[in-house]
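Summary of structural features
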Amino acid sequence: MTDKRELLTRQIIEAGRFLYARGWSPATSSNYSARLAADQALLTVSGKHKGQLTEQDVLATDLAGNSLEPGKKPSAETLLHTQLYAWRADIGAVLHTHSVNATVLSRLTPGDQLLLEDYELQKAFAGVTTHEGQVVVPIFANDQDIARLAGQVQQWLDTHPDCVGYLIRGHGLYTWGPQMSDALRQIEAFEFLFECELKTRQVLGR
């Protein structure tokens, strides 16, 4: 493998171990990726335990989601990763997790978006410099037709270029960043805020 591929593969493997250890990527759920080139991405292959990833569990795809490595099958949700790389050239890593908090909150929240406001930790998100304001997290209906779902996500992104992540109802979270460390930071911030939202609702009896 090239030096860049080796580095990105190691980052994906380490992200999997970290996210699995936190309980945010149980069993074979979730998928992670990193930009390999302007028109290529590295993604986790389908059906692998994310806490036990090896170099063989990562493959290269083009931005149409096609595997560039015969015999390796990309995640069913590959298009949700590659669409982000095609959308913005500065995105270098994408993470998708299946935490309990994200899954439950996406099911409990009415409407098609979750509003996070007045939390200090909002400043962990790219482009957010103050707790004063809202971070809007769109919620999309779960759909086995990934191309259709990707189309709905793209419509949102086209009109909300400051979006830092989204939820799929009853499914999980997607977020991204220039580097893997940025995407991991945003995962942690989202998870903290999701837990705050759920606990607030419990206290208020909502």
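Residues numbered from 1 in each chain as written. Predicted model: local features only at pLDDT ≥ 70, side-chain atom pairs only at ≥ 80, totals over all residues. Heavy atoms only, no water.

1. Quick word on the overall build of the protein
Of regular secondary structure, the protein possesses five helices and eight strands. Counted from the first residue to the last, the protein has its helices and strands arranged as α-β-β-β-α-β-α-β-β-α-β-β-α. Its C-alpha radius of gyration of 16 Å places the protein within 12% of the 17 Å reference for a compact globule of 206 residues. Along the first, second and third principal axes, the C-alpha atoms of the protein reach 55 × 35 × 30 Å. Split into buried and exposed, the 206 residues of the protein put 51% on the buried side. Put simply, the protein has 19 plus and 24 minus side-chain charges, and the middle of one group is 5 Å from the middle of the other. (Helix = DSSP H or I, 4+ residues; strand = E, 2+ residues; numbered from the N terminus. Rg over C-alpha atoms; globule rule 2.2 N^0.38 Å. Buried < 20%, exposed > 50% of the residue type's maximum accessible area, 1.4 Å probe, protein only. Lys, Arg positive; Asp, Glu negative; His and termini not counted. Charge placed at Lys NZ, Arg CZ, Asp CG, Glu CD.)

2. So, the UniProt feature "binding site: Zn(2+)" (unreviewed entry) in the protein
Cross-referencing UniProt, the feature "binding site: Zn(2+)" (unreviewed entry) maps to His-96 and His-98 in the present numbering. By the secondary structure assignment, His-98 is in the loop between strand S4 (93–97) and helix H3 (100–108). For His-98, a relative accessible area of 22% puts it in the partly exposed group. Ignoring anything within four residues of it in the chain, the contact list for His-98 reads Trp-24, Pro-26, Ser-29, Ser-30, Thr-103, His-171 and Gly-172. (UniProt positions renumbered as here; feature names shortened; annotations may be inferred. Contact = heavy atoms within 4.5 Å.)

3. Observations concerning the sheet that holds S4
Pairing within the open sheet is mixed, and its eight strands lie in the order S3-S2-S1-S4-S8-S7-S6-S5. Each edge of the sheet is formed by a strand with only one pairing partner; in this case those strands are strand S3 (58–62) and strand S5 (113–117). Going across the sheet, the axis of each strand differs from the next one's by a mean of 20°, ignoring polarity. Pairing of strand S7 (residues 165–168) with strand S8 (residues 172–177) involves four bridges; the strand directions are antiparallel. Bridge assignment links Leu-167 to a residue of S8, and that residue is Leu-173. Lying on the sheet, H3 is in contact with S5, strand S6 (134–140), S7 and S8; it crosses S7 at an angle near 70°. (Pairing = 2+ DSSP bridges. Axes fitted to C-alpha atoms, helices over the stretch in contact; angles between N-to-C directions.)

4. What to know about the UniProt feature "domain: Class II aldolase/adducin N-terminal" (unreviewed entry) in the protein
Look at the UniProt record and you will see "domain: Class II aldolase/adducin N-terminal" (unreviewed entry) annotated at residues 10–198. Between the end C-alpha atoms of residues 10–198 there is a gap of 34 Å, over a span that is 34% helix and 23% strand.

5. Looking at a nonpolar patch on the surface
Judged by side-chain polarity, Val-100, Val-104 and Leu-108 come together as a nonpolar surface patch covering roughly 270 Å² of accessible area. Within the element layout of this structure, Val-104 appears in helix H3. Classification of Val-104 as partly exposed rests on a relative accessible area of 34%. (Patch = residues over 30% accessible without salt bridge, like charges linked within 9 Å, V, L, I, M, F, W, Y side chains within 5 Å. Areas by Shrake-Rupley, 256 points an atom, 1.4 Å probe, with all protein chains shown as cover. Salt bridge = Lys/Arg side-chain N within 4 Å of Asp/Glu carboxyl O.)

6. What about the side chain of Ser-75?
Take Ser-75: it is sitting in the loop between S3 and helix H2 (78–87). By relative accessible area, which is 10% here, Ser-75 ends up buried. Polar side-chain contacts of Ser-75 include one of 3.1 Å to the side chain of Asn-31. Polar side-chain contacts of Ser-75 include one of 3.1 Å to the backbone nitrogen of Glu-77. Not counting residues up to four positions away in its chain, the partners in contact with Ser-75 are Asn-31, Thr-44, Val-45 and Ser-46. (Polar contact = N/O pair within 3.5 Å; in protein donor to acceptor, adjacent residues only side chain to side chain.)

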